[in-house]
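# Tertiary structure, described
So you can see what is in the structure, the chains are spelled out below.
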Amino acid sequence: MNKKRTSLTQYLVEKQRTDKALPPELRLLIEIVSRACKTISHHVSKGALGGVLGSLGTENIQGEVQKKLDVISNEYLLEANEWGGHLAAMASEEMEAIYLIPNRYPKGEYLLLFDPLDGSSNIDVNVSIGTIFSVIKAPADASGRDICEADFMQPGHTQVAAGYAIYGPQTMLVLTVGEGVVGFTLDREMGSWVLTHEDLTIPEQTSEFAINMSNTRHWEKPVNRYIDECLAGTEGPRGKNFNMRWIASMVADVHRLIIRGGVFMYPWDARDPNKPGKLRLMYEANPMSFLVEQAGGMSTNGRTRIMDIQPQGLHERVSVVMGSKEEVERVTRYHLEAD
Ligand code: AHG
Ligand code: MN
Ligand code: MN
Ligand code: MN
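Numbering of residues starts from 1 in every chain and runs along the sequence as written. To read the labels, note that chains go from A and ligands from 1, taken in the order they are written. Local features in this predicted model are restricted to residues of pLDDT 70 or higher, and side-chain atom pairs are both shown and tallied only at a pLDDT of 80 or more, whereas totals for entire chains, interfaces and linings draw on every residue. Based on all heavy atoms of the structure, the side-chain values leave hydrogens and waters out of the count.

## Description of the coordination of the manganese ion (ligand 2)
- With water excluded from the atoms, a metal site may look incomplete; its donors are any N, O or S atoms within 2.8 Å, or within 3.2 Å for Na, K and Ca. All of the protein donors around the manganese ion (ligand 2) are E64 (OE) and E93 (OE); their distances to the metal are 2.0 to 2.1 Å.
- Taken as a pair, the manganese ion (ligand 2) and the manganese ion (ligand 3) lie 5.3 Å from each other. Here E64 is found in the loop between strand 1 (55–59) and strand 2 (65–67), whereas its partner E93 is found in the loop between strand 3 (87–92) and strand 4 (99–100), with 29 residues between them in sequence. Numbering of helices and strands runs from the N terminus; a helix is a DSSP stretch of H or I covering at least four residues, while a strand is a stretch of E covering at least two.

What follows is the structure, encoded as structure tokens:
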């Protein structure tokens, strides 16, 4: 008989029985999000055959040209999650305002935030992309009133679940509910998520960094110091050679470091000095930080723990340094020494 396969549902039902007792409503929410990711994966894999490539000519709140798949993915996540009764509201990279659950549906106690399609610049060139999601609880006093944006302004350490789907050679779902990090691989024939990575942990040491080197002349000095030392290799102060990767899909660059270690950096740069960084705190940096910390890694903005940052706005950006603990500690130390 084939090896016993654990499904996403079984994993979550068993988490309901641990001392942290995953709430059934949260289990159902995660299952619905995972089903929406299956739908997105199906459309992503059709590419040109499905008419999902290319841009719409519209701009989102970020000032980015929206790809067709940005909007298609966003709509799938809204449609899948609005009727289930688990959510009070949603927020997305692709929508300026929060999305209230329509009055015809019951409201729940959770708030869902997502980047429906991460790595949009890779869609038309067939490079791995993904979906990132974050779950927080609606404030207790919100049950009798409409949710407002202020209810979403919770630091990352309040998250109760976070994960991403990566649409690559395999479609995988990587998830944490606060008890470690697990990975599921989509069995397309059965249409089910199968547990394939039971305890994802990030090695504390690494020789691999991910950063967009074209921004070198725009970085703060501590970033230049760290990267120069990596590039100096065995002759330099690190005494070892480093490898570099940059896929330009955060999901893919972070998935790699969760699987084999590494440090991922998107630091502040002088191209747009008023922006603290390119990546968005609420639906990119926070969920990825929850996963990275649960896998034994570390995540800061160069100076402070990302999950301790008190958000001021739904689409605020943040500088990101995350991954193997030893490297993130070093980059952070260089920033603090320079201050
Ligand atoms: P999104 O496609 O959701 O807007 O996110 C893109 C982000 C992130 O996925 C990636 O790490 C980064 O942009 C790449 O930025 P550069 O193109 O500047 O390298
Ligand atoms: Mn975008
Ligand atoms: Mn993104
Ligand atoms: Mn996106």
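Still to come is the rest of the account.
## Description of the site of ligand 1
- Residue proximity to a molecule or strand is established when one non-hydrogen atom of the residue lies within 4 Å of it. Of all residues adjacent to ligand 1, which total 18 residues, the nearest are D118, G119, S120, M250 and Y266.
- Polar contact is the term for a pair of N or O atoms within 3.5 Å; when the atoms are in protein, one must be able to donate a hydrogen and the other to accept it, and sequence-neighboring residues count only if both atoms are side-chain atoms. E64 is positioned such that a nitrogen or oxygen atom in its side chain is 3.2 Å from an oxygen atom of ligand 1.
- Here D115 contributes a side-chain N or O atom positioned 2.9 Å from an oxygen atom of ligand 1.
- Throughout, the Shrake-Rupley method with a 1.4 Å probe supplies accessible areas, and for residues the shown protein chains are the sole cover considered. Contact with the protein chains hides 89% of the accessible area of ligand 1, taken as 470 Å² for the molecule alone.
- Ranked by residue count, the leading element in the shell around ligand 1 is strand 5 (residues 110–118), at 3 residues.
- All residues other than Ala, Val, Leu, Ile, Met, Phe, Trp, Tyr, Cys, Pro, Asp, Glu, Lys and Arg, Gly among them, are scored as polar; the first ten of these are nonpolar and the last four charged. Classifying every residue of the shell around ligand 1 gives 7 nonpolar, 4 polar and 7 charged.

## Here's the deal with the side chain of T332
- Of note, T332 is situated in helix 7 (residues 325–338).
- Given a relative accessible area of 7%, T332 falls into the buried group.
- Looking at T332, its side chain comes within polar contact range of the main-chain oxygen of V328, at 2.7 Å.
- Here, residues are in contact when the closest pair of their heavy atoms is within 4.5 Å. With near-sequence residues (within four places) excluded, T332 lies in contact with T300, G302 and R303. Residue exposure (1.4 Å probe, protein chains only): buried if accessible area is under 20% of the type maximum, exposed if over 50%, otherwise partly exposed.

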